[in-house]
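Structural overview for review
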Amino acid sequence: MIAVELAKLFRRPRTYVITGLLCALPLIVAIFLATTRVPPPPGQGGAFLSAVLSNGALYPAAAMALVMPVFLPVSVAVLAGDAVAGEATTGTLRYLLIRPVGRTRLLAAKLIALVVFVLFAIVAVLLTSYVTGLALFGSQPSAGVALPADVTSLSGVTITPAGLALRMLGTVAYIVISMLSVAAIALFLSTVTDSALGAAMGALAVLVTSQVLVTLDAAAAVRPYLPTRYWLAWIDFFRDPVLWRDIERGAGIQLVYLVVLLGMAWANFLTRDVVN
Amino acid sequence: MGAHRTVVSAQARRRWVVVLAVVAVLGSLPVLAGLRPVRAAEVGLATLRERIAASGRQAHEGYALSSGLLPLPALPDLEQVTALVTGTTELRTWYAAPDRWRVDVVDEAAERDLYQTPDAQYAWDYGQNQLTRIAGAQPVRLPRGADVTPPALGTRLLGLAAADRFTPLPGKRVAGLAAAGLRIVPASADTTVAHVDLWADPGTGLPLQVEVTARGGSRPVFVTRFLEVHLRTPDASVLTPPAPVAGMGFTVTDTSDILGAIDRLGVGGLPERLAGSPREATAVGAAGAYGAGLARFVVVALPGRLGYRTYGRLRAFGQAVTVPQGEAAILSTGLLTVLAVRADRTYLVAGLVQPALLRRVAAELAGGAA
């Protein structure tokens, strides 16, 4: 079942189109930065953008900050919203369930396929942005002074290439986990409606509401429980020492949303009448 | 017509019950954690005061959050100071000894760190990509993030409140520790502070949470508290400032901020007495402190352009004050009162004091009876 879903994922052109679009955004930003050499002031604008002009090795982190808040969640919501509702819309859900597979397994396979997509997309963004960063900015400082391929952390401490690789791995893992709540919300809605667009829009409505409440002081009491509260906590991998507090809480809250929303999807989908 | 109950609908209902049970369990965990009984060690009020006052040698490391609700506009060149009392500040702190500590002010994608070493202070600002070595004593400086950690603020307020009234408070759990509490009620009618509530680790006296409530207020307008704290000596590597590297700005200075720079310009010349209080004996001329306890206020003489901009900002957000010569504007936030006076030079005055007191100060600075 999982193999079938993965094969379907990688057979569809839209997987590559969405990934291509995700990779294109950092590329466009890099071209503008490299052409004009006008970065945002340090500490303002996109995270790490001010540092990449002197060392392109940090550009993958800047690329993550560019795609993470909007582009990546939208992609996941669209794909997850389509997971079950899309099958119903095209009339294939009934035939899918005629096969000797349980609906629980189908949901699990859909979720695993979404996780694999997120992993695939993030790795693609990281690799393309790393190549882009080195090609357009190099790993030498703009002043021409010899500089090792180290990068400076937010705390001013130098991160070695090995340390940078470890932190990027942590970033990838954290972002995959961060997308679990989006996937679970959209997947649940996808079992409620036959409209893939409706499910995706529903998930995005939840995320936008969460983002608004995160910035609202009056909503401070519920802030720690909002799905998007800790989305940017991966930046804490680039402090020295790593600030684990928000990373741990972010991973924990994503797992809670995953358990609850996946449970709701399971409760709703297992005995739902499938007419399409 | 009643619902038609089938085997399938009963199964669906059972699944939803399971899901709701999981939601109830997960949702109740934070509530149950908050309801754990607090059994702070029995410690007398006098002992707790002594331990807090002596907690400067207690090593610790932690993560703290300070939040101020004061409606104060950002003042020119003082944005980082006003941000401390108008918003939320995330702080990471590592403290080994009075001459070996580090405090980071953490923003979403930036960081401002301050290292105290036995030789000097080092300030790292990611936003400015700047490492600064601050050599020598700093007789005058602006408030900064390191001043609003619970231990720094708690011991400072306790030191100021020696003549005030103390009452015990019920214990509470702060950052997982059962903390003992005390309340400071100022004796002076000149301060805007109704009371300061302070909770500390009963064994070591380390302040864990400080709340400042203004007169007439029902809830604190400034709170700083640990969300995580460990009573252990931090690793030496954490307390070592970053080394300057190519591409990073590095300067050595003996003034940490604009206030120190103003002092070096020699703008000073402050009155010996204001509002009946003598100026505290300090070796600096640009800034002076007057008053006692929590009714203390600070006066700074600002140079021309900065003074002009600061006055304009306060005039826009505050109220005009009639003075014998020149002009003055006052801004009262309930807790902090700020005054700007333009006379022979520009003065900025601030303190946790009543507006009436600063109106007297305005009259004296602007050429009234000194």
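Residues numbered from 1 in each chain as written. Chains lettered and ligands numbered in written order. Predicted model: local features only at pLDDT ≥ 70, side-chain atom pairs only at ≥ 80, totals over all residues. Heavy atoms only, no water.

1. Description of the overall build of chain B
Heads up, the condition is: Under the scheme used here, helices are H or I runs from DSSP no shorter than 4 residues and strands are E runs no shorter than 2 residues, and both carry numbers assigned from the N terminus. Areas reported as accessible are Shrake-Rupley estimates using a 1.4 Å probe. Residue values count occlusion only from the protein chains shown. Just so you know, the count uses Lys and Arg for positive and Asp and Glu for negative, and it drops His and the chain ends. All charge positions are set by atom: Lys at NZ, Arg at CZ, Asp at CG, Glu at CD.
When you go through chain B residue by residue, the secondary structure sums to seven helices and 20 strands. Counting only C-alpha atoms, chain B reaches 90 × 55 × 45 Å along its principal axes. Accessible area for chain B stands at about 17,100 Å²; split by element, carbon and sulfur atoms hold 55% of it. Put simply, chain B has 37 plus and 30 minus side-chain charges, and the middle of one group is 8 Å from the middle of the other.

2. Points about the overall build of chain A
Using the following cut-off: Type-normalised accessible area, obtained with a 1.4 Å probe on protein chains alone, sets the label of each residue: buried when under 20%, exposed when over 50%, and partly exposed for intermediate values. Here, residues are in contact when the closest pair of their heavy atoms is within 4.5 Å.
When you go through chain A residue by residue, the secondary structure sums to ten helices and two strands. Reading the helices (α) and strands (β) of chain A from amino to carboxyl end gives α-α-α-α-α-α-α-β-β-α-α-α. A burial count over chain A gives 52% of its 276 residues as buried. When contacts within chain A are restricted to residue pairs at least 6 apart in sequence, those whose partners lie at least 24 apart make up 75%. Roughly 11,400 Å² of accessible area belongs to chain A as shown, and the carbon and sulfur atoms make up 72% of that amount.

3. Thoughts on the sheet that holds strand S7 (residues 165-174) of chain B
All names here are of chain B. Selection criterion: A pair of strands is considered paired only if DSSP assigns at least 2 bridges between the two. Every axis corresponds to a line fitted to the C-alpha atoms, with the helix fit spanning only the stretch in contact, and the corresponding angles, defined between N-to-C directions, vary from 0 to 180 degrees.
Ordered in space as S7-S8-S9-S10-S11-S1-S2-S3-S4-S5-S6-S12, the twelve strands form an open sheet in which the pairing is mixed. Sheet topology places S7 and strand S12 (249-253) at the edges, where each strand pairs with a single neighbour. If you compare each strand with its neighbour and ignore which way they point, the axes differ by 15° on average. Note that strand S8 (residues 177-185) and strand S9 (residues 193-200) share five bridges and pair antiparallel. Counterpart to Leu182 in the pairing with S9 is Leu198. Helix H3 (residues 79-86) rests against strand S1 (60-68), strand S2 (88-97), strand S4 (111-116), strand S5 (120-125) and strand S11 (222-230) of the sheet, and its axis sits at about 85° to S1.

4. Digging into the interface of chain B and chain A
Put simply, the test is: Buried area is a sum: the accessible area each of two parts loses on coming together, probed at 1.4 Å, counted once for each and added. Only one rule defines a salt bridge in this text: a Lys or Arg side-chain nitrogen within 4 Å of an Asp or Glu carboxyl oxygen.
Across the boundary between the two partners, chain B contributes 34 residues, which contact 37 residues of chain A. Summed over both partners, the interface of chain B with chain A buries about 2,800 Å², with 63% contributed by carbon and sulfur atoms. Scanning the region where chain B abuts chain A turns up three salt bridges. Between Arg245 of chain A and Glu228 of chain B there is a salt bridge, and its shortest N-O distance comes to 3.2 Å.

5. Points about the pattern of salt bridges
All told, the structure shown has 19 salt bridges over all chains when counted by the stated rule. Close ionic contact of Arg102 of chain B with Asp113 of chain B constitutes a salt bridge, the shortest N to O distance being 3.9 Å. With Arg102 of chain B in strand S3 (residues 100-106) and Asp113 of chain B in strand S4, this residue pair connects regions lying eleven residues apart in the sequence. Accessibility classification places Arg102 of chain B together with Asp113 of chain B in one group, the buried group. Note that Asp197 of chain B and Arg183 of chain B form a salt bridge whose closest N and O atoms lie 2.7 Å from each other. Of this pair, Asp197 of chain B sits in strand S9 while Arg183 of chain B sits in strand S8; the two residues are 14 residues apart in sequence, bridging distant segments of the chain. Overall, the relative accessible area of 5% leaves Asp197 of chain B in the buried class. Judged by its relative accessible area of 25%, Arg183 of chain B is partly exposed. The network of salt bridges with common partners includes Glu5, Lys8 and Lys110 of chain A.

6. Some details on the sheet that holds strand S17 (residues 319-321) of chain B
All names here are of chain B. With antiparallel pairing, the six strands of this open sheet are ordered in space as S15-S16-S20-S19-S18-S17. Each edge of the open sheet is held by one strand with a lone partner, namely strand S15 (287-290) and S17. Averaged over all neighbouring strand pairs, the angle between strand axes comes to 20°, with direction disregarded. The sheet contact formed by strand S19 (residues 337-342) and strand S20 (residues 346-351) spans six bridges and is antiparallel.

7. So, the pairing of S8 of chain B
Residue and element names in this part refer to chain B. Taken together, the eight bridges between S7 and S8 define a ladder with antiparallel strand orientation. From the neighbouring strand, Thr167 faces S8, where its bridge partner is Arg183. Counting the residues between successive antiparallel strands, the hairpin from S7 to S8 contains two residues, one of them, Ala175, with a positive phi of roughly 50°.

8. So, the domain arrangement of chain B
Residues and elements named next belong to chain B. How we decide: Start and end positions for the domains come from either an automated domain assignment or a database one. Two N or O atoms count as a polar contact when they lie within 3.5 Å, although within protein this holds only if one can serve as hydrogen donor and the other as acceptor, and sequence-adjacent residues are included solely when both atoms are side-chain atoms.
When the domains of chain B are assigned, the result is domain 1 (45-239) and domain 2 (257-365). In this complex, domain 1 contributes 29 residues to the contact, which on the side of domain 2 involves 29 residues. The contact between domain 1 and domain 2 buries some 2,500 Å² in all, and 74% of this surface belongs to carbon and sulfur atoms. On the surface where domain 1 and domain 2 come into contact, there are zero salt bridges. Counting across the interface, domain 1 meets domain 2 through six residue pairs in polar contact (both at pLDDT 80 or more). For the side of domain 1 that touches domain 2, the secondary-structure elements that each account for two or more residues are helix H4 (150-160), S9 and strand S10 (207-214). Sort the elements by how many residues they give to the side of domain 1 that touches domain 2 and H4 lands first, with three residues.

9. Details of the side chain of Ser153 of chain A
Within the secondary structure, Ser153 of chain A sits in the loop between strand S1 (151-152) and strand S2 (158-159). In this structure Ser153 of chain A touches Ile159, Phe238 and Asp240 of chain A together with Trp124 and Tyr126 of chain B, once residues within four positions along its chain are discounted.

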